Every structure is written in structure tokens, then in C-alpha cells.
Amino acid sequence: MRRLLMMSLLCLLTGNALADQTPVRVLATFSILADLAHEVGGDRVVVTSLVGPDQDAHGFDPRASDIRRMSQTDLVLANGLGFDPWIARMVAAARYKGRMLTVSDGITPLMADAHDVHDEQRSAPHAHATDGAADPHAWLDIGHARHYVRAIAAALADIDPAGAAHYARRSFTYIAQLDALDADLRARFAALPAHRRTVVTPHDAFGYFAHAYDLHFVAPAGLSNEASPSAASLAMLIDQLRQLKVPVVFFESFADERLIERIRQATGARRGGLLYADALAKAGPASTYLGLMRHNADTLIDGLGAP
């Protein structure tokens, strides 16, 4: 009976401590970072995102309300590598004095002209005007997502030392989930034959995914959804895809379908599924980072593996 009373008192005190704790306010530049921060922070953080699910960060234009929200934030998370350059203007406008973390710091980026992993296909006109630019989509390699998670956990622990063990425990658990998914995807993609490893997508977002799983991605547009290919480069791409007899093309969330549909019709390829690169979905399997990576893998393997 005494032991039961002590346990009840301990639970009550713990509950009161959590109730008294002011959550760390985290502002992420886009939805994928917000999801990672939520996984690490749990109930010790309140996370919001400037660019939400199913929204494109490339063309984001901050509003006055976003500036006010930043001024009340403890931690700002940015991807860096040119993905969210508007965050610097927001920091200046808000006169933000809190902690700023660029999660890609320490990662050696892929360059736009270095995505191909098969030497015989290096002539693919996939990089266009962005040749030589750093590819910002580092989160599409789960190994880099682990780097993001560790950086977020360390930043939160600096701001909230009392929660350091909490952040360490949650990041350890989440990284174990990332490791398990990465191992599963490597095994599944390794089973694809070499002639079924070419993926056609609307824009050049999947270089890190290609590098991680030994695939070859080809895109008519550059690193941004706002980029457009020239008529000559598009004709070259269509000719190459015809020669390679690529059987399927894939679509992306909030990307203009007209260009990839034109390629599909010109090559006779099948219509593949929908991929997510720059943002989570509002609902469904791709509404978390783990779900997004699993969904993309399922979609690609279903399309590439079909006869």
C-alpha cells in the first residue's frame, strides 16, 4: 500500500512538473523539418512550419504574421543549401535573437551535375541551368535525415537542458526507426534489375535518393519546381528516353503535370504514381517523413518492377 501511494505521488509530481514546463517554441521553414522536430521534441516542444504540407517552399513569400511568429520563437530550423534563402530576410525583419539552426551544416552536398550514378548515362540533360549548384534536398537520403535529427536534439538540449535526456531518448528511438527503414529500402531496391533503375520525374529533386539506392533519376526541370527546360534540352531528353525504352514516368506533388505528361505521350511510357520531395502530404501515408520515404519507395518499386 505504501509503495502504491509513493508511485501515485511520484506520478502526480511528474505531471505537475510537465504542466509547469513552458514548451520550447520551434519554427521550421518547411513541413519535413517540422515533423523531425516533433519526433525529437515530443510534448516538450510546440512546432509550427512556415511552409506547410502540400506547399512549395521554393516560391514562399513571408507575410507579416510570419515575421511576428518568428519574433516569439525559441528555435528556428532551416534546411540551408539554398532551399530556404528567404529565412535570412525574415530573421533580419523580425530582429530575431533566438537560436538558429541550419540542419544541413556539416553535410557535403551533391552538386546538380553529379547526380548520375551510372557512367554510361552521364549525358542525360537533367541538370539544365542549375549545373554546379548545391542540391538542397539532402533529407531524401535517410543518412542525412539522421544528421538532421541529431542536430535538432542537440539544439533543443542547449535551449532546454532539463529536457536533454528526453530529447536524447526520443532521437535514439527515432533514429532506430530510420535505420530499419533504410535497411528495408536498400534490400528492396537492390532486387531491381539494372534495366529498371531509370526514374523520370518532373524536377531534379531526387539526387540524394538516387545516390543512396543506386538509381538513375532524369528530370526535364532543374532543382526548383519553377525552372523550365529549353525546347532543345526537352527534345534531347525525349530522344534519350526513347532509346533507353523507359517504361514509366512519375509525377510529383504540386508539380505541373503538363510537362511530364508531354514526355509520357512522346515516349509511350506508362503513367506511374505520385512522389513527394519538398513537402509532406496533408493526410495519408506521406504525411510524416518516415511515411513519405516509404510511400516513395513503394511507388517507385511498383512502377519500375512492373513488366
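Above this text sits the structure in question.
As a starting point, this report considers the structure included with it. Think of each chain on its own: its residues are numbered from 1, step by step along the sequence as written. The predicted nature of this model means local features are confined to residues of pLDDT at least 70 and side-chain atom pairs, given and counted, to a pLDDT of 80 or more, with totals for whole chains, interfaces and linings taken over all residues. Excluding hydrogens and water, the side-chain figures rest on all heavy atoms present in the structure.

Brief notes about unusual backbone geometry
- In this structure, Arg95 is a non-glycine residue whose phi angle is positive, near 55°.
- Note on conventions: DSSP H or I runs of at least 4 residues are helices, E runs of at least 2 residues are strands, and numbering of each starts at the N terminus. Following the sequence through the fold, Arg95 ends up in the loop between α4 (86-94) and β4 (99-102).
- Unlike most non-glycine residues, Asp214 shows phi in positive territory, near 55°.
- Partly exposed describes any residue whose relative accessible area lies between the buried limit of under 20% and the exposed limit of over 50%, with all areas from a 1.4 Å probe on protein chains only and scaled to the type maximum. The class for Asp214 is partly exposed, based on a relative accessible area of 39%.

Concerning the environment of Ile107
- Residue placement: Ile107 occurs in the loop between β4 and α5 (142-159).
- Ile107 gets classed as buried once you look at its relative accessible area, which sits at 10%.

What about the sheet that holds strand β2 (residues 45-51)?
- Paired strands are those between which DSSP finds at least two bridges. Read from one edge to the other, the open sheet built from 4 strands follows the order β2-β1-β3-β4, with strand pairing classed as parallel. Single-partner strands in this sheet number two, and they are β2 and β4. This sheet shows a mean twist of 20° between the axes of neighbouring strands, independent of strand direction.
- Running over the sheet, α5 touches β1 (24-30), β2, β3 (75-78) and β4 and is turned about 170° from β4. Axes here refer to lines fitted to C-alpha atoms; in helices the fit is confined to the stretch in contact. Angles between the N-to-C directions go from 0 to 180 degrees. Pairs of residues are marked as contacts when any of their non-hydrogen atoms sit within 4.5 Å.

Remarks on the pattern of salt bridges
- Each salt bridge in this description consists of a side-chain nitrogen of Lys or Arg and a carboxyl oxygen of Asp or Glu lying within 4 Å of one another. For the structure on display, the rule yields 12 salt bridges.
- Of the charged contacts, one joins Arg146 and Asp182 as a salt bridge, the two residues approaching to 3.9 Å between their closest N and O atoms. Placement of the pair is Arg146 in helix α5 and Asp182 in helix α6 (residues 164-190), with a sequence separation of 36 residues. This pair shows no difference in class: Arg146 is buried, exactly as Asp182 is.
- Note that Asp298 is salt-bridged to Arg188, the shortest N-O span being 2.8 Å. Placement of Asp298 in helix α10 (residues 289-305) and of Arg188 in helix α6 is noted, with a sequence separation of 110 residues between them.
- Here Asp298 falls in the partly exposed class, since its relative accessible area comes to 28%.
- Residue class for Arg188 comes out partly exposed when judged on its relative accessible area of 28%.
- Counted as one network, the salt bridges with shared partners bring together Arg146, Asp179, Asp182 and Arg186.

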